[in-house]
Amino acid sequence: MNEALITDVGPVPADWSYPKLGDVLTEGTRNGIYKSKEHHGRGVKVINMGELFAFDRIGNQDMQRLELTDQEKDRFLVQDGDLLFARRSLVAEGAGKCSLVVKPSEETTFESSIIRARPNQTIVDPRYLAYLFSSRVGRYLMDTILRQVAVSGITGTDLLELRVPLPKRGEQGAVADILSSLDEKIELNRKQNRTLEAIAQALFKRWFMEFEFPDENGRPYQSSGGAMQPSELGEIPVGWEVKSLDQIADYLNGLALQNFPPEGDEYLPVIKIREMKQGITANSDKASTKLDPKYIIDDGDVLFSWSGSLEVDIWCHGKGALNQHLFKVSSDVYPKWFYYLWTKHHLRAFQAVAADKATTMGHIQRGHLTNALTVCPPEGLLPQFTETFDPLIEQIIAVRLEARTLAKLRDTLLPKLMSGELRVA
């Protein structure tokens, strides 16, 4: 960067501007609406903090509803291109979290813990601002106006005073196009995975609950007169067996990894319930690399969080160390798709067990794995099923790994584009 404009967030190209955020908005910021409970459950969609923290782009997600008057609609609806900021948060890094409103299909409002900013789209690309506020530059800016009282928070007034480094409008659009194309591909991968998961679940139900797998003539087994036998789960195909979850797979509990600190510069990220949801982040704890290899997890391993928020998932975020409260599920006998789908099948019942433990953190015990039953096809039939299920599971893993690569590329480009280190026409 030969010539530079010196700003509070560091040097940026000399042809960039450095206005206050308030100077690139069409109006002042606005806090969202609060209404008492009798107005909830009908009316327009309402963006709550849950949506704000869950989605960087908010448009047509399922939401709760809130009744508004016409006057309130004039003041509190959102529109395409609005920026929404978390006004307060229990943790400092949550305050100021920014999401972009993208083409809402119906009238939508926002709750009182959220601040709305409406960019003047003739001079600034809202997508660019959204990426700016999700970058390290944006986090630095938010930290300058963060107020720490009972909870961490920001104000709309302080937000207006933030100075934001901006390239010209055309370059903003080019930067936003690059980053958006990556995000759109990542979202496309997520949708593809949801479809693949739904196909796998539907086929599993058809073959293992309804026993309508193809018989030797390619016809649905049970409805075509396939022989059945009684079992503790009712009628099952002749030759099949009932087994418990812990008979078809090994559920290895993780370690208390605070007892295995890293040695030197090498470490493994600690995989907890948080990492199951978010992947590995800068806030992930670190553990020694000298663990028993069975406690090291890698892409494609099946994980099951058995306390807190119970979840089953296929890990696709790289190598890490298995923390306590997580099971690594594996089997020397049965294929991955088999124990993964059976564990998923019982998840809702496990979640109900955990929810009943009102006085302690919700969890299940190993006895619940023993009580959770499965039906297992004979040895000769399982490979035929694997020919169908295995490609589905492998495709799910491949799509997730591609999304991870795209996200890594986006996160590498983001700070370079926001600082002007990397320029695009």
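The notes below deal with the structure included here. Here the structure is a predicted model, which means the values were calculated and not measured.

For the rest of this paragraph, the subject is the overall build of the protein chain. Within the protein chain one finds 11 helices and 25 strands. Taking the principal axes of its C-alpha atoms as reference, the protein chain extends roughly 75 × 60 × 50 Å. The buried share of the protein chain, taken over its 425 residues, is 47%. A separation of at least 24 residues holds for 74% of the contacts in the protein chain among residues at least 6 apart in sequence. By element, 50% of the accessible surface of the protein chain is carried by carbon and sulfur atoms, the whole surface being about 21,200 Å². Side-chain charges in the protein chain split into 50 positive and 58 negative, and the spacing between the mean points of these groups amounts to 5 Å.

Moving on, we get to a nonpolar patch on the surface. On the surface, L90, V91 and V151 cluster together into a nonpolar patch covering about 290 Å² of accessible area. With respect to the helices, strands and loops of the structure, V151 is situated in the loop between strand 12 (147-148) and strand 13 (152-153).

Further remarks concern unusual backbone geometry. Despite not being glycine, K103 shows a phi value in the positive range, around 40°. Following the sequence through the fold, K103 ends up in the loop between strand 9 (98-101) and strand 10 (108-110). We note that H325 has phi near 80°; this positive angle belongs to a residue other than glycine. For H325, the location among the structural elements is in the loop between strand 23 (320-322) and strand 24 (326-330). Classification of H325 by relative accessible area gives partly exposed; the value is 28%.

Moving on, we get to the sheet that holds strand 22 (residues 311-314). Two pairing modes exist for strands in a sheet, parallel and antiparallel, and in both the strands are linked by backbone hydrogen bonds. Read from one edge of the open sheet, 4 strands run 17-24-21-22, paired in antiparallel fashion. At either end of the open sheet lies a strand with only one pairing partner, and these are strand 17 (250-253) and strand 22. Across the sheet, the mean angle separating the axes of adjacent strands is 25° when strand polarity is ignored. The pairing of strand 21 (residues 302-305) with strand 22 spans 4 bridges and is classified as antiparallel. Among the inter-strand pairings, V302 is bridged to a residue of strand 22, identified as I314. The strands that helix 9 (residues 336-355) touches are strand 17, strand 21, strand 22 and strand 24; relative to strand 22, the one it contacts most, it runs at about 160°.

A word on the nonpolar core. Ranked by internal contacts, the top residues of the largest apolar core, which has 47 residues, are F208, W240, I248, F304, W337, F338 and F385. Contributing elements (two or more residues each) for this core: helix 6 (169-208), helix 7 (245-248), strand 21, strand 22, strand 24, helix 9, strand 25 (373-376) and helix 11 (382-419). With 9 residues, helix 9 is the single largest residue contributor to this core. Excluding its chain neighbours within four sequence positions, the residues that come into contact with F338 are F208, I248, V375, C376, P377 and L382.

The topology assignment puts L233 in the loop between strand 14 (228-229) and strand 15 (236-237). Taking the C-alpha atoms as reference points, L233 and G264, 31 residues apart in sequence, are found 53 Å from one another. Residues contacting L233, with those up to four places away along its chain left out, are V242, L373, T374 and V375.

Glancing now at the layout of surface pockets. Reported here for the second largest pocket is a volume of approximately 250 Å³. Surrounding the second largest pocket, Q201, F204, K205, M209, K344, H345, L347, R348 and Q351 form its lining. Listed by contribution, the elements that provide at least two residues to the lining of the second largest pocket are helix 6 and helix 9. When residues of the lining of the second largest pocket are assigned to their parent elements, the largest contribution, 5 residues, is made by helix 9. Looking at the lining of the second largest pocket, its residues break down into 3 nonpolar, 3 polar and 3 charged.

What counts and what doesn't
- Residues numbered from 1 in each chain as written.
- Predicted model: local features only at pLDDT ≥ 70, side-chain atom pairs only at ≥ 80, totals over all residues.
- Heavy atoms only, no water.
- Helix = DSSP H or I, 4+ residues; strand = E, 2+ residues; numbered from the N terminus.
- Buried < 20%, exposed > 50% of the residue type's maximum accessible area, 1.4 Å probe, protein only.
- Contact = heavy atoms within 4.5 Å.
- Areas by Shrake-Rupley, 256 points an atom, 1.4 Å probe, with all protein chains shown as cover.
- Lys, Arg positive; Asp, Glu negative; His and termini not counted.
- Charge placed at Lys NZ, Arg CZ, Asp CG, Glu CD.
- Patch = residues over 30% accessible without salt bridge, like charges linked within 9 Å, V, L, I, M, F, W, Y side chains within 5 Å.
- Salt bridge = Lys/Arg side-chain N within 4 Å of Asp/Glu carboxyl O.
- Pairing = 2+ DSSP bridges.
- Axes fitted to C-alpha atoms, helices over the stretch in contact; angles between N-to-C directions.
- Core = buried A, V, L, I, M, F, W, Y, C linked by side-chain atoms within 4.5 Å.
- 1 Å grid on protein atoms, 1.4 Å probe; cavity = no way out; pocket = protein on both sides within 12 Å on 5 of 7 lines; lining within 4 Å.
- Points joined across faces, edges and corners; volume = space filled by probe spheres on them.
- Nonpolar A, V, L, I, M, F, W, Y, C, P; charged D, E, K, R; others polar.

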